[in-house]
Structure formats: structure tokens, C-alpha cells
Amino acid sequence: MTLPRILHTILLILLVNGADKMTVLNPDTILKPNHAIRAEYAHHRHIFGDGVGVAVLDTGIQPRTDFLSLPNYASPINRIQYFYDFVNQRTDPYDDSGHGTHICGKIASAARITGDEYLGIAPGCNLIVLKTLDQNGNAPISTFLHALRWLHRNHRSYNIRIVNISIGTNLESNHLDTNLLVQEVENLWRDGLIVIASAGNNGPMPGSISSPGNSCLVITVGASDDDLPGLGRGSRRLYSGRGPADCSSVKPEIVAPGSQIISCSNHTSGYAVKTGTSMSTALVSGAIALLLGEEPYLTNQDVKNRLHDCARRLDLPHFQQGWGLLDIPRLLNHPL
């Protein structure tokens, strides 16, 4: 199908007013998102999401030892299973922004550094990275649609179960464009994929969830901690997109930490801190990889039901938290 000319509308990473905010790494101010969702419960039991394929649509990935190893496994193994560059058509993995590597790290880093917060949520999963955004976090929606259609054709070849979409449109985007975006992610859901999309950083007004997170089918993730003071220069509080969306289901479905999240930088070593619902989404994608590593037969609807049952209610408005905070032991049906 030939894409209409209107699809030259710009697609933006879901950031605060256009971009996720990066702050200088300060160990004294880093929070503990892994601990907040109790990821150490799985890690201490050697549950790492081994072999689960996670597709990440973002600015790319910097190959580094975090993705070239497995926990408790000495020999190197490349878990960047596939890379495709829809922007510059380069063949080798790279990330000229840093956003994509940060997301991939929070999902899948197997960093051998003291402290659980440097470890990705599912350090045994495989990454299929589709570079859809340029170094500024921008791309025509047509580029993103091409990537979604690539997933439709190829997801079985790479054992892709999860699609992480930590990007989306701004609220001023053309309605026709956003409808096409929602249609394509819903096609992936109907293919059986588990599509995880961020709520966006356009909150706190009602109805401020970005597309494709406003889809009624996909799992939408907000930030549980966007009310923290001192989020760093240029960041603002109460950024997480709020529901309702134009459907009967609650939006967002679930929340996870998104403020001052430490993860991989787009260098061969070193770490950075970023804030935004992009980071919250990566935590949920990683948690679902843990679940599928243990119960690979689950359908996307099964996974959605398990998220509903595992969530812990917070003292937050309903249209901010949805079902509540992600809790990994409860997700794995091991309540403590």
C-alpha cells in the first residue's frame, strides 16, 4: 500500500515536551526502580527471561558487554539477535542518540557491576532492535509504520514475543496518522505479540496519553513516580500521560518507576540516568520477558490478565495508575 503524503508528520520520542530528559549520573540521587518492582526476587532465583525475543523500536543500540553476555555464564554470547536501520540503512548496530541503548539496557543488560540497579530486568532475553528514530528522536510516521509491518512479516523468524514501544506521537499529531499507527500496533497484537507502549510525557491533563499508547488493545505503561521533586534540569513533575482514552479499557493499564532511571549509555562503557515513561515501559517489557521465560505458552491476553492480577494499588489517581504498580513476584504467581 502506498502511504499518503500526510505521513510525513514527525513522530517524536515520548519525552517531556518532546524528549526524555537525561541528567548527570549522581549515585547519591539514583532511585531504585528494580527494587521497587522487586526484580531481585526473580534474579536471585536465576529467572532471567532466557531466550525470549524482545523487539525494541527506538534510536538503535550500542553494542557493549552488557548485551554480549549472560548472567552466571562466563563465555561471551551476543544477545543482539538482529538489527535493522530504517533511518540511515547502516548494517552494524549503533545508537547516535542514546535513548535506545538506555531502553535496551533497562530491559536486558547483564552488567557485572555491584548493585542490582545496573542489571536489566530480563538479562537473559534476546534483543531485536529496529532503529526507527534519528539522533534527535524524530522520524516520519511512515518510517515507524514500515518497522511495524516488518515485525508483522518477520516476528516468527526471530521468536519475537514482546514489542517495546517507548516512543509515540505528540498530542498535536495529525489524527489520520495516529489512527494508522494504532491500526498497525493492533495488527501486531492480533498476530499474538505482546505490545507494550508508553503513556507519554504529556501529563497531567486528562486524556493526555500519546499514540499508540491510546490503543485499546495494547498494554500502556505510565510512571509511578512522576511527582518526585528535583528530577533534574529541564525535567518537570507530573509528566506521565493520563487517561481516559477513547475506549472502555483503563489507560494506562499499569505503572512502573520512570524517574532517574540508571541504564546503559550509548558508549562502550558507562551509564546514564534518564526520566520518562519510556523507562517505565522498558521495566514492564523486561518483567514480561521473565514471565514468558517461565511460562512460554501464555498468550498476550493471558499476560495482560496476569499484569492486572499482580498490580499493587498506589495512592494515585485512577487514570494515572490504572491497575497499579508492577510487582514481579506476584506477576510470576509467587506472592510474598
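Overview of the structure.

Here is what the cut-offs are and how they apply
Residue positions are given per chain, counting from 1 as you read along its sequence in written order. pLDDT decides what is reported in this predicted model: residues at 70 or higher carry local features, side-chain atom pairs at 80 or more are listed and counted, and totals for whole chains, interfaces and linings draw on all residues regardless. Water and hydrogen atoms play no part in the side-chain values, which are based on all heavy atoms of the structure. Starting at the N terminus, helices and strands are each numbered in turn, a helix being any DSSP run of H or I of at least four residues and a strand any DSSP run of E of at least two. In this scheme, a residue with accessible area under 20% of its type's maximum is buried, one over 50% is exposed, and one in between is partly exposed, where area comes from a 1.4 Å probe on protein chains only. Note on contacts: a residue pair qualifies if any of its non-hydrogen atoms lie within 4.5 Å across the two residues. With residues, only the protein chains shown are counted as cover, and all accessible areas are computed by Shrake-Rupley using a 1.4 Å probe. Within this scheme a cavity is a closed region of a 1 Å grid, computed over the protein atoms alone, that accommodates a 1.4 Å probe without allowing it to escape, whereas a pocket is open but has protein on both sides within 12 Å along at least five of seven lines; lining residues each have an atom within 4 Å of a point. Grid points are joined across faces, edges and corners, and a volume is the space filled by probe spheres set on the points. By definition, disulfides here are pairs of cysteine sulfur atoms that lie within 2.5 Å. When a carboxyl oxygen of Asp or Glu is within 4 Å of a side-chain nitrogen of Lys or Arg, the pair counts as a salt bridge. Residues enter a nonpolar core if they are buried and are Ala, Val, Leu, Ile, Met, Phe, Trp, Tyr or Cys, with the set joined through side-chain atoms within 4.5 Å.

**Regarding the overall build of the protein chain**
Each helix and strand counted, the protein chain has 9 helices and 13 strands in total. Within the protein chain, the proportion of its 336 residues that are buried is 62%. The long-range share in the protein chain, meaning contacts at least 24 apart out of those at least 6 apart in sequence, stands at 77%. Per element, the accessible surface of the protein chain, about 13100 Å² overall, is 51% carbon and sulfur.

**Topic: the layout of surface pockets**
Of the volumes computed, that of the second largest pocket is approximately 230 Å³. If you trace the second largest pocket, you find 12 residues lining it, with Pro-71, Asn-72, Ala-111, Asp-116 and Leu-119 closest to the centre.

**Notes on the state of the cysteines**
On inspection of all chains with the given rule, the structure shows 0 disulfides. Counting only cysteine sulfurs, Cys-264 is the nearest neighbor of Cys-104, a cysteine outside any disulfide, at a range of 8.7 Å.

**Structural notes on the pattern of salt bridges**
All chains considered together, the criterion is met by 9 salt bridges. Residues Glu-253 and Lys-251 are paired through a salt bridge, measuring 2.9 Å at the closest nitrogen-oxygen approach. By relative accessible area, Glu-253 is classed as buried at 1%. Since its relative accessible area comes to 0%, Lys-251 is described here as buried. In this structure, Asp-327 and Arg-312 form a salt bridge, with 2.6 Å as the shortest nitrogen-oxygen distance.

**Brief notes about the nonpolar core**
Membership of the largest hydrophobic core comes to 85 residues, with the highest contact counts inside it found for Leu-57, Leu-127 and Ile-288. In terms of residues, this core owes the most to one element, helix H6 (residues 277–294), which gives 10 residues. Residues within four places of Leu-57 in sequence aside, it is in contact with Leu-130, Thr-132, Phe-144, Ala-147, Leu-148, Leu-151, Val-163, Asn-164 and Ile-167.

**Section: the environment of Val-273**
Within the fold, Val-273 resides in strand E13 (residues 271–275). Along the chain, Val-273 and Ser-263 lie 10 residues apart, while their C-alpha atoms are 6.4 Å from each other.

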